[in-house]
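Notes for the structure review
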Amino acid sequence: METCRLPQPRAHRDMIRLQDLNATPTQVFAALSFDRGSMKIRYAKIRHSEIRRTAFAAIAAAFSVIAVTLALCGPCSAGHATNAKPETQRRMVIIDQDAFGPAGSNLQAILLLLQASDVEVLGITIVSGDGWRDEEVDHTLRLLEIAERPDVPVIPGAVLPLVNSAARTTAWESLYGKLIYKGAWMENWPVQGAVRRTPHPSDPYLVPPSPAGAPHIKAAVDTAANFLIRELRRHPGQVTIIAAGPLTNLALAARLDPEVSRLAKELVFMGGSFNPRPSTNAFAAEYANAPRREFNMRWDPEAASMVLHEPWRKITQVPIDPTTKTLFTPDMRKRIGQGNAPFAAYIDKFGQSFPMWDELAVAAWLDPSIVTVDKQLLVDVDTSFTAGYGDTLSWSVGEGPGLGERPVHVVLDIDLAKFEALTVDLLSRRAPRH
Ligand SMILES: [Ca+2]
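1. Brief notes about the overall build of the protein
Regarding its fold elements, the protein presents 17 helices and 11 strands. Relative to its full complement of 434 residues, the protein shows a buried share of 42%. When contacts within the protein are restricted to residue pairs at least 6 apart in sequence, those whose partners lie at least 24 apart make up 82%.

Structure below.
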């Protein structure tokens with residue numbers, strides 16, 4: 001807890017300026033207002049002449065009122081004291097992403113949020129997963145330039161998982177069989193119709209030239225966990241976290257500041273798998289024989305389990321299940337490519353026919369009416385170094401092991417036509433300027 005402090009420097013400036021104003025005490029008093037949200041003294045234009053000392057007297061009286069008010073309200077939390085920005089009508093969000101690109105589900109999910117007129121993207125925090133962090137930062141910065149949104153901060157996060165490693169992955173595969181997808185640790189890309197640069201599984205800091213070009217803007221000199229903590233404390237109860245990659249950054253933030261999850265409005269995450277229905281594309285190979293395995297959770301199972309035990313006010317999970325019937329089709333790519341958004345040519349050139357994993361997580365938050373089937377479950381991730389390492393665990397509410405697992409709002413099915421229409425519509429617009 002931290003005691004509220006009077007805005008002394010600001011008040012001092014105001015007093016000096018009021019010395020030059022001419023007003024009656026009544027007029028000075030009427031001009032002063034005390035804004036509880038910003039803790040600032042404001043004054044309006046004062047028109048009539050009066051001696052200087054009456055202005056000082058009025059200000060002294062105003063400070064007396066403030067002092068009494070503060071005494072009554074007592075000590076304020078640090079979060080309240082730093083909540084200096086005026087509240088916005090737009091929904092505030094931070095997207096935590098393994099932003100491997102160019103284009104593809106990771107970056108198109110970011111674009112959906114940037115395009116939504118009722119959303120304010122506070123920042124994009126980056127985590128290794130599909131690719132390595134630094135290469136993903138590069139892709140994200142370039143995307144923001146192309147989308148004409150260089151104002152949005154990009155904050156680098158975790159390079160590696162908390163416990164999992166390349167060596168542990170190799171050891172696991174020798175015991176339990178090959179993983180079909182390993183993200184940044186892939187030695188060769190799976191055959192999924194995608195054209196991608198050569199993997200570099202053993203060099204997390206290599207940033208190959210992107211076919212979309214090199215960015216000119218820079219990432220923030222900060223770390224994702226610190227950024228998350230600072231923004232959640234600055235806007236308590238107002239910020240949604242949409243996590244569409246491994247949950248390492250959120251786990252680090254939660255361990256640095258155990259209050260941070262409680263300060264978020266909601267956590268929405270893409271990850272986990274329950275009982276996905278078969279799809280006919282190559283991506284079905286991932287879950288055909290391992291229906292509870294999903295990459296975001298499998299990359300960093302310990303982080304995922306930690307985050308799922310945090311006291312979030314609300315958790316919404318978009319697992320593999322509702323994504324198996326989605327696909328970013330050539331027709332959608334063409335329609336967006338012919339649209340009015342500044343990134344139309346970028347999508348037309350680099351769009352890939354992937355399931356729309358991360359776009360769906362964003363869309364389910366933007367417009368929950370696309371969700372047709374959902375369920376409340378207790379959810380965790382298997383952290384035992386067994387065949388089930390990283391698999392999704394779940395129980396009906398009231399039937400869990402009682403280790404602090406949280407109820408999770410699990411999205412199981414969606415209105416596909418509505419989701420596709422929302423995606424194409426948002427990505428075809430010229431976005432509003434914020
Ligand atoms: Ca992702």
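After that view of the structure, there is still more to cover.
2. Quick notes on the environment of Met332
Here Met332 is to be found in helix α14 (residues 330-337). By C-beta crowding, Met332 is classed as buried, having 20 other C-beta atoms within 10 Å. C-alpha of Met332 to C-alpha of Gly351: the two residues are 19 residues apart in sequence and 9.4 Å apart in space. Filtering out sequence-adjacent residues up to four positions away, Met332 remains in contact with Glu420 and Val424.

3. So, the nonpolar core
Formed by 93 residues in total, the largest nonpolar core has its most connected members in Ile110, Leu112, Ile242 and Ala361. When residues in this core are grouped by element, the largest group, 8 residues, is from helix α16 (residues 357-366). Residues in contact with Ile110, not counting those within four places in the same chain, are Ile95, Gln97, Ala99, Ile124 and Leu143.

4. Quick notes on the environment of Gln97
Tracing the chain through its elements places Gln97 in strand β3 (residues 91-97). Counting along the chain gives 146 residues from Gln97 to Ala243, while the straight-line C-alpha distance between them is 6.1 Å. Discounting chain neighbours no more than four positions away, the residues touching Gln97 are Asn106, Ala109, Ile110, Ile124, Ile126, Ala244 and Gly245.

5. Details of helix α17 (residues 416-428)
Its 13 residues give α17 an end-to-end C-alpha distance of 18 Å, which sits within 8% of 18 Å, the value for a rise of 1.5 Å per residue. Among all positions of α17, only Phe419, Glu420, Leu422, Thr423, Leu426 and Leu427 are buried. Looking straight down α17, one finds that the buried residues subtend no more than 160° of arc, so they occupy a single side. Of the exposed residues in α17, the ones pointing more than 90 degrees away from its buried face are Ala417 and Ala421. Buried-residue contacts for α17 involve α5 (104-115), α14, α15 (344-350), α16 and β11 (407-414).

6. With respect to unusual backbone geometry
Cis peptide bonds are those with omega within 30 degrees of zero, and the linkage from Gly101 to Pro102 qualifies with 0°. Within the fold, Pro102 resides in the loop between β3 and α5. Although it is not a glycine, Ala103 adopts a positive phi angle of roughly 50°. Looking at where Ala103 falls in the secondary structure, it is placed in the loop between β3 and α5. C-beta crowding within 10 Å serves as the criterion here: with 23 such atoms nearby, Ala103 is assigned to the buried category. A positive phi is found at Glu148, a non-glycine position, where the angle reads about 60°. Within the secondary structure layout, Glu148 lies in the loop between α6 (133-146) and β5 (154-156). Taking the number of C-beta atoms within 10 Å as the measure of exposure, Glu148 has 14 and is therefore partly exposed.

7. Observations concerning α16
Residue pairs three or four apart in sequence face the same way in an α-helix, which turns once every 3.6 residues. With 10 of 10 residues buried, α16 is to be regarded as a mostly interior element. Buried residues of α16: Trp357, Asp358, Glu359, Leu360, Ala361, Val362, Ala363, Ala364, Trp365 and Leu366, and no others.

8. Concerning the sheet that holds β11
Read from one edge to the other, the open sheet built from 9 strands follows the order β5-β4-β3-β6-β7-β8-β11-β9-β10, with strand pairing classed as mixed. In this open sheet, the two edge strands, each paired with only one partner strand, are β5 and β10 (392-396). Looking at each pair of strands side by side, their axes are set apart by 30° on average, direction ignored. Here α16 sits on the sheet and contacts β6 (239-243), β7 (266-270), β8 (315-318), β9 (371-381) and β11; the angle it forms with β7, its principal contact strand, is near 155°.

9. A look at the pairing of β11
Each regular strand carries side chains that alternate between the two faces of the sheet. The sheet contact formed by β8 and β11 spans 2 bridges and is parallel. In the strand pairing of β11, Gln317 is matched with Val410. Where β9 meets β11, 7 bridges bridge the pair, whose relative direction is antiparallel. Within β11, the residue paired with Leu378 across the bridge is Pro407.

10. Describing the packing of helix α8 (residues 224-234) against helix α9 (residues 248-256)
It is the contact of α8 with α9, at a shortest axis distance of 8 Å, that shows an interaxial angle of 60°. Taken as axis vectors, α8 and α9 run oblique relative to one another. Crossing angle aside, the handedness with which α8 passes α9 is right-handed. Residues Ala224, Ala225, Leu228 and Ile229 of α8 form the contact with α9, whose own contacting residues are Asn249, Leu252, Ala253 and Leu256.

11. Quick look at the environment of Asn281
Structurally, the position occupied by Asn281 is in the loop between β7 and α11 (285-288). The partly exposed category is assigned to Asn281, around which 13 C-beta atoms lie within 10 Å. Once the C-alpha coordinates of Asn281 and Ser353 are considered, the two residues, 72 residues apart in sequence, prove to be 9.8 Å apart.

12. Here's the deal with the packing of α14 against α17
In a pair of packed helices, the angle between the axes and the distance between the axes together describe the arrangement. Close contact between α14 and α17 brings their axes to 8 Å; oriented N to C, the two are set at 30°. Classified by the angle their axes make, α14 and α17 are roughly parallel. As α14 packs across α17, the resulting crossing turns out to be right-handed. Residues Met332, Arg335 and Ile336 of α14 touch α17, and the partners they reach there are Glu420, Val424, Leu427 and Ser428. Its residues assigned to classes, the contact of α14 with α17 shows 4 nonpolar, 1 polar and 2 charged.

13. Some words on the confidence of the model for the protein
Per-residue confidence for the protein averages 84 on the pLDDT scale, and 79% of its residues sit at or above 70. Predicted confidence is poor over residues 1-87, with pLDDT under 50, and the contacts of this stretch with residues over four places away or in other chains come to 73 contacts.

Basis of the calculations
Residues numbered from 1 in each chain as written. Predicted model: local features only at pLDDT ≥ 70, side-chain atom pairs only at ≥ 80, totals over all residues. Helix = DSSP H or I, 4+ residues; strand = E, 2+ residues; numbered from the N terminus. Buried ≥ 20, exposed ≤ 12 C-beta atoms within 10 Å, placed from the backbone. Contact = placed C-beta atoms within 7 Å. Core = buried A, V, L, I, M, F, W, Y, C linked by C-beta atoms within 7 Å. Expected span 1.5 Å × (residues − 1). Arc of directions from axis to C-beta. Pairing = 2+ DSSP bridges. Axes fitted to C-alpha atoms, helices over the stretch in contact; angles between N-to-C directions. Parallel < 35°, antiparallel > 145°, perpendicular 65-115°, else oblique. Left-handed = near helix turned anticlockwise from the far one by under 90°. Nonpolar A, V, L, I, M, F, W, Y, C, P; charged D, E, K, R; others polar. pLDDT = per-residue confidence, 0-100.

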